[in-house]
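Coordinate analysis (summary)
Residue strings, one per chain:
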Amino acid sequence: MANTTTAGKPIKCRAAVARAAAAPLVIEEIVVDPPKSGELRIKIICTSLCHSDVTFLNLNVPTASFPRIFGHEAVGVVESVGEGVTEVVEGDTVIPIFMSDCAECRDCKSKKSNLCTKYPFKIDPWMHDGSSRFRDLNGETIHHFMFVSSFSEYTVVHLANVIKVDPTIPPNRACLLSCGVSTGVGAAWKSASVEKGSTVAIFGLGSIGLAVAEGARLCGAARIIGVDVNPEKFEPSKKFGVTDFIDSTSCGDKSVSQMINEMTDGGADYCFECVGRSSLVEEAYACCRQGWGKTIMLGVDRPDAMLQFRSVELLVNGKTISGSLFGGLKPKSDIPILVKKYMDKELELDKFVTHEVGFEEINKAFDLLHQGKSLRCVIWMDK
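Residues numbered from 1 in each chain as written. Predicted model: local features only at pLDDT ≥ 70, side-chain atom pairs only at ≥ 80, totals over all residues. Heavy atoms only, no water.

The next thing to look at is the overall build of the chain. For the chain, the helix and strand inventory stands at 11 helices and 17 strands. Taken over C-alpha atoms, the radius of gyration comes to 21 Å for the chain, in line with the 21 Å a tight globule of 383 residues would show. Dimensions along the principal axes, computed over C-alpha positions, put the chain at roughly 65 × 40 × 40 Å. Burial status across the chain gives 53% buried among its 383 residues. Counting only contacts in the chain whose residues sit at least 6 apart along the sequence, the fraction spanning at least 24 positions is 70%. Of the roughly 16,600 Å² of accessible surface on the chain, a fraction of 52% belongs to carbon and sulfur atoms. Looking at the chain, you have 42 positive and 47 negative side-chain charges, and the mean spots of the two groups are 3 Å apart. (Helix = DSSP H or I, 4+ residues; strand = E, 2+ residues; numbered from the N terminus. Rg over C-alpha atoms; globule rule 2.2 N^0.38 Å. Buried < 20%, exposed > 50% of the residue type's maximum accessible area, 1.4 Å probe, protein only. Contact = heavy atoms within 4.5 Å. Areas by Shrake-Rupley, 256 points an atom, 1.4 Å probe, with all protein chains shown as cover. Lys, Arg positive; Asp, Glu negative; His and termini not counted. Charge placed at Lys NZ, Arg CZ, Asp CG, Glu CD.)

If you want it as structure tokens, here you go:
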């Protein structure tokens with residue numbers, strides 16, 4: 001049954017609005033319009049801060065759009081649905097996902113891809129129809145972010161960007177599956193298909209890199225080598241499955257790839273670049289094993305960054321290199337599997353949450369991430 005109090009009507013609520021690049025977010029009252037056909041309006045329970053939010057908040061180029069509501073890792077409850085929406089109903093617990101899964105296009109129907117042709121991924125300031133559901137009290141349009149915009153008490157998303165989940169999963173764990181943790185775990189599980197007993201090398205031990213380690217651990221990897229510039233990350237990374245550590249600033253005359261090739265007698269079976277640097281992708285490729293080694297790119301580099309390989313090297317070494325968006329996961333079929341793995345105590349989400357704050361303290365979450373003190377900070381809307 002529809003929420004007759006608010007369904008079909010605009011809602012006033014609080015949102016943390018980005019008014020300018022690199023500026024603190026401003027909590028203010030906004031208006032959220034009702035969902036259109038194929039959309040639903042969600043009451044956000046909690047959201048978490050991803051590094052992508054910080055990256056695009058700090059971006060001051062033509063693709064930057066302000067004012068804007070960031071946030072794309074969240075969990076909430078359906079408040080109302082638009083015309084034609086039958087997959088979810090009011091009161092359902094849902095996770096919004098920036099990756100669309102329409103279940104209708106050629107890519108979504110295929111098991112070979114997690115890209116959607118009908119609603120392709122893009123860093124767009126609008127809903128899929130090119131309009132916004134947000135405005136401030138003066139009537140000015142507020143832009144969306146990655147089709148989610150969860151730094152608001154209410155948001156509107158398309159049905160292709162939402163997944164119904166088990167309502168018993170704790171909200172402060174469910175929200176992690178919207179992006180970062182799923183991306184890393186999925187990269188090991190889906191994109192690389194890490195095998196039991198294999199050796200894995202991970203470049204960058206931030207939240208994505210540690211999620212890759214968690215995924216590799218779940219897949220049964222025997223050895224997980226972490227590479228980072230900060231040696232203090234080794235000890236805490238052990239609980240994610242990391243067995244060996246290389247401080248990339250202390251390799252002497254050797255490159256990181258040379259060290260890994262020596263440690264593994266010829267290279268790791270799977271290498272993951274989780275920083276967003278073309279030079280590290282090249283290093284990762286250089287230390288994945290000939291014949292079957294796989295290098296997976298997860299880090300986001302500058303748009304003009306180039307990779308350099310000799311063509312003969314690609315030909316004769318038999319290694320592969322590929323990108324991995326959202327870890328290769330198909331949201332509507334794979335996220336429920338990760339939810340179940342968490343509920344069955346296989347996937348360990350708890351260790352990713354380092355801080356929890358109330359909505360009024362959202363800028364503190366940004367500070368903690370800037371200071372390198374936070375993996376994931378959960379932001380509760382009602383605290």
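Next comes the rest of the description.
Our focus in this paragraph is the pairing of strand β13 (residues 270-273). Residues Y270 and F272 line one face of β13 and the alternating positions C271 and E273 line the opposite face, and both faces are buried. Direction of pairing for strand β10 (residues 199-203) relative to β13: parallel, over a ladder of four bridges. What sits directly across from I202, in β13, is F272. In terms of strand pairing, β13 meets strand β14 (residues 294-297) through four bridges, oriented parallel. Within the sheet, the bridge partner assigned to Y270 lies in β14 and is K294. Read as a crossover between parallel neighbours, the route from β13 over helix α8 (residues 278-286) to β14 is right-handed. (Pairing = 2+ DSSP bridges. Right-handed = clockwise from strand over helix to strand, strands pointing away.)

Moving on, we get to the pattern of salt bridges. For the structure on display, the rule yields 27 salt bridges. In this structure, D33 engages R135 in a salt bridge whose closest nitrogen and oxygen atoms are separated by 2.8 Å. Of the two residues, D33 sits in the loop between β2 (26-32) and β3 (39-48) while R135 sits in strand β6 (residues 134-136), which places them 102 residues apart along the sequence. Given the relative accessible area of 19%, D33 is considered buried. A salt bridge links K340 to D344; the nearest nitrogen and oxygen atoms lie 2.6 Å apart. Given a relative accessible area of 53%, K340 falls into the exposed group. (Salt bridge = Lys/Arg side-chain N within 4 Å of Asp/Glu carboxyl O.)

What follows is about helix α10 (residues 331-343). Given a rise of 1.5 Å per residue, 13 residues ought to cover 18 Å, and the 18 Å separating the end C-alpha atoms of α10 matches this to within 8%. Here α10 has its buried residues at P331, D334, I335, L338, V339 and Y342. Down the axis of α10, the buried side of the element spans an arc of 145°, and every buried residue falls inside it. (Expected span 1.5 Å × (residues − 1). Arc of directions from axis to C-beta.)

Turning to the sheet that holds strand β15 (residues 320-323), a few remarks are in order. With parallel pairing, the six strands of this open sheet are ordered in space as β12-β11-β10-β13-β14-β15. Each edge of the open sheet is held by one strand with a lone partner, namely β12 (244-247) and β15. Strand after strand, the sheet turns through a mean of 15° between neighbouring axes, direction not considered. Bridge count between strand β11 (residues 223-228) and β12: four bridges; the pairing is parallel. Bridge pairing in β12 places V227 opposite I246. Packing of helix α5 (residues 207-219) onto the sheet brings it into contact with β10, β11 and β13, and relative to β10 it is tilted by some 170°. (Axes fitted to C-alpha atoms, helices over the stretch in contact; angles between N-to-C directions.)

Further remarks concern the UniProt feature "domain: Alcohol dehydrogenase-like C-terminal" (unreviewed entry) in the chain. The residues that UniProt annotates with the feature "domain: Alcohol dehydrogenase-like C-terminal" (unreviewed entry) are residues 208-336. The straight-line gap between the two end C-alpha atoms of residues 208-336 is 20 Å; of that span, 36% is helix and 17% is strand. (UniProt positions renumbered as here; feature names shortened; annotations may be inferred.)

In this section: the nonpolar core. Within the largest apolar cluster, 95 residues are counted, with the highest numbers of intra-cluster contacts made by I30, F151, L177, V200, I202, F272 and I335. In contact with L177, not counting residues within four places along its chain, are I95, I97, S182, F326, I335, L338, V339, L347 and L349. Counting 14 residues, the second-largest nonpolar core is a separate cluster that includes F203, I246, C287 and C288. (Core = buried A, V, L, I, M, F, W, Y, C linked by side-chain atoms within 4.5 Å.)

Over its 13 residues, α5 extends 18 Å from the first C-alpha to the last, a length consistent with the 18 Å expected when each residue adds 1.5 Å. Of all the positions in α5, only S207, G209, L210, A211, V212, A213, E214, G215 and A216 are classed as buried. Its buried side turned inward, α5 meets α4 (180-191), β10, β11, α6 (234-237), β13 and β17 (376-380). Once α5 ends, the next one or two residues include G220, with phi positive near 95°.

The next thing to look at is the sheet that holds β6. Reading across from one edge, β1-β2-β6-β7 is the order of the four strands in this open sheet, with antiparallel pairing throughout. Both outer strands of the open sheet, β1 (11-17) and β7 (141-142), are each paired with one neighbouring strand and no more. With two bridges connecting them, β6 and β7 associate as antiparallel partners. Bridge assignment links F134 to a residue of β7, and that residue is I142.

The subject of this paragraph is unusual backbone geometry. A cis geometry characterises the amide bond from F66 onward to P67, with omega recorded as -5°. Take P67: it is sitting in the loop between α1 (51-57) and β4 (73-81). Of note in this structure, M146 is not a glycine but carries a positive phi near 55°. Examined against the element boundaries, M146 turns out to sit in the loop between β7 and β8 (154-158). Given the relative accessible area of 4%, M146 is considered buried. One non-glycine residue, F147, lies in the positive phi region at around 65°.

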